[in-house]
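Analysis of the macromolecular model
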Amino acid sequence: PNFVVPDFGFPFGCVNTNLDSTAYCSEVFPCFCLLPEYVVITEGTCEKKGYIDILSEPLCRAVMNNGYYGTRDQNQNGKLDATEMYPNPVIDSTGTPPGCWPVDPIVQELDPNFVVPDFGFPFACVNTNLHSPAYCSESFPCFCLKPPPPPPPPPPVPPYVVIKMGNCAKYGFEDIVDEPTCRAVMNNGYYNTRD
């Protein structure tokens with residue numbers, strides 16, 4: 001009731017830069033999120049390869065739909081699997097690799113003991129058992145998140161002076177107006193002498 005439509009009207013989108021916001025995405029305010037970078041491995045485990053297991057069902061579904069199920073029609077019903085609301089069971093198993101992986105019908109040929117659930121294909125699983133001894137393979141390709149990049153190195157400390165009266169411009173100096181440079185200068189000269 002307190003929302004005011006801007007003069008330019010609808011449609012429009014908003015970017016909320018307040019990362020501390022306590023508001024949640026909803027039907028009224030749907031959020032558009034970037035898919036993190038991921039890789040598909042067919043041997044070992046995500047962790048052993050230096051990647052991160054996907055343990056969230058919505059994230060597993062998103063990476064499956066982005067790549068694997070975006071090109072397949074396992075039900076042969078004329079629809080790409082990514083457009084279907086297939087189930088993604090969350091399991092705790094020692095017989096399958098940890099993390100997120102699709103189940104391809106070929107698994108029935110490779111493992112005669114594999115039981116297809118009542119809901120059929122396609123589906124993917126999220127195995128939350130990070131201690132499972134099973135490895136990723138051609139029949140269980142694992143989708144893994146790439147680790148975040150390391151933080152950038154601190155900026156070099158530029159030459160600076162400390163003045164205690166007037167202002168920088170008065171003496172022909174430039175003000176430091178960006179946070180990384182300010183932090184570098186403060187850590188180099190001011191805070192490294194204090195406990």
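Here the structure is shown first, and the text comes after it.
Report on the accompanying structure. The residue numbering used here restarts from 1 in each chain and proceeds along that chain's sequence as written. Confidence filtering applies because this is a predicted model: local features only for residues at pLDDT of at least 70, side-chain atom pairs given and counted only at 80 or more, and all residues used for totals across whole chains, interfaces and linings. Based on all heavy atoms of the structure, the side-chain values leave hydrogens and waters out of the count.

Section: helix α1 (residues 57–68)
Taking 1.5 Å per residue as the helical rise, α1 with its 12 residues ought to reach 16 Å, and the 15 Å between its terminal C-alpha atoms agrees with that figure. Burial in α1 covers these residues: Leu59, Cys60, Arg61, Val63, Met64 and Tyr68. Where α1 is buried, its residues contact β1 (38–41), β4 (99–103), β5 (123–127) and β6 (142–145). Here a polar contact is recorded for every N or O atom pair within 3.5 Å, except that within protein the pair must consist of a potential hydrogen donor and a potential acceptor, and residues adjacent in sequence are included only if both atoms are side-chain atoms. Only runs of H or I of at least four residues qualify as helices and only runs of E of at least two qualify as strands under DSSP, and these elements are numbered from the N terminus. For α1, the capping residue at the N-terminal end is serine 56, with a side-chain oxygen 3.2 Å from the backbone nitrogen of leucine 59. Multiplying 1.5 Å by the residue count of a helix minus one yields the expected span of that helix. Buried means the residue's accessible area, taken with a 1.4 Å probe over protein chains only, is under 20% of the maximum for its type, while exposed means over 50%, and partly exposed covers the values in between. Any two residues whose heavy atoms approach within 4.5 Å at even a single point are treated as in contact.

Overview of the pattern of salt bridges
In what follows, salt bridge is the name for a side-chain nitrogen of Lys or Arg lying within 4 Å of a carboxyl oxygen of Asp or Glu. One pass over the full model with this rule turns up 4 salt bridges. With a shortest N-O distance of 3.4 Å, glutamate 37 and lysine 146 are connected by a salt bridge. Taken as a pair, glutamate 37 in the segment before β1 and lysine 146 in the loop between β6 and α3 (179–190) lie far apart in primary sequence, 109 residues in all. The exposure class of glutamate 37 is exposed, given its relative accessible area of 57%. Residue lysine 146 is classed as partly exposed on the basis of its relative accessible area, which comes to 36%. Glutamate 179 serves as the salt-bridge partner of arginine 183, at 2.7 Å between the closest nitrogen and oxygen. Remark: glutamate 179 and arginine 183 occur in helix α3; sequence separation between them is 4 residues, near one turn of the helix.

Considerations on the pairing of β5
Every other side chain in a regular strand lies on the same face of the sheet, so the side chains alternate between the two faces. Counting buried positions along β5 yields 5 of 5 residues, so the element is predominantly enclosed. The alternating pattern of β5 places Phe123, Cys125 and Asn127 and Ala124 and Val126 on opposite faces, both of which are buried. Pairing between strands is defined by DSSP: at least two bridges between the two strands are required. Bridge count for strand β3 (residues 90–91) against β5 is 2 bridges, and the pairing is parallel. Considered in β5, the bridge of isoleucine 91 is made with asparagine 127.

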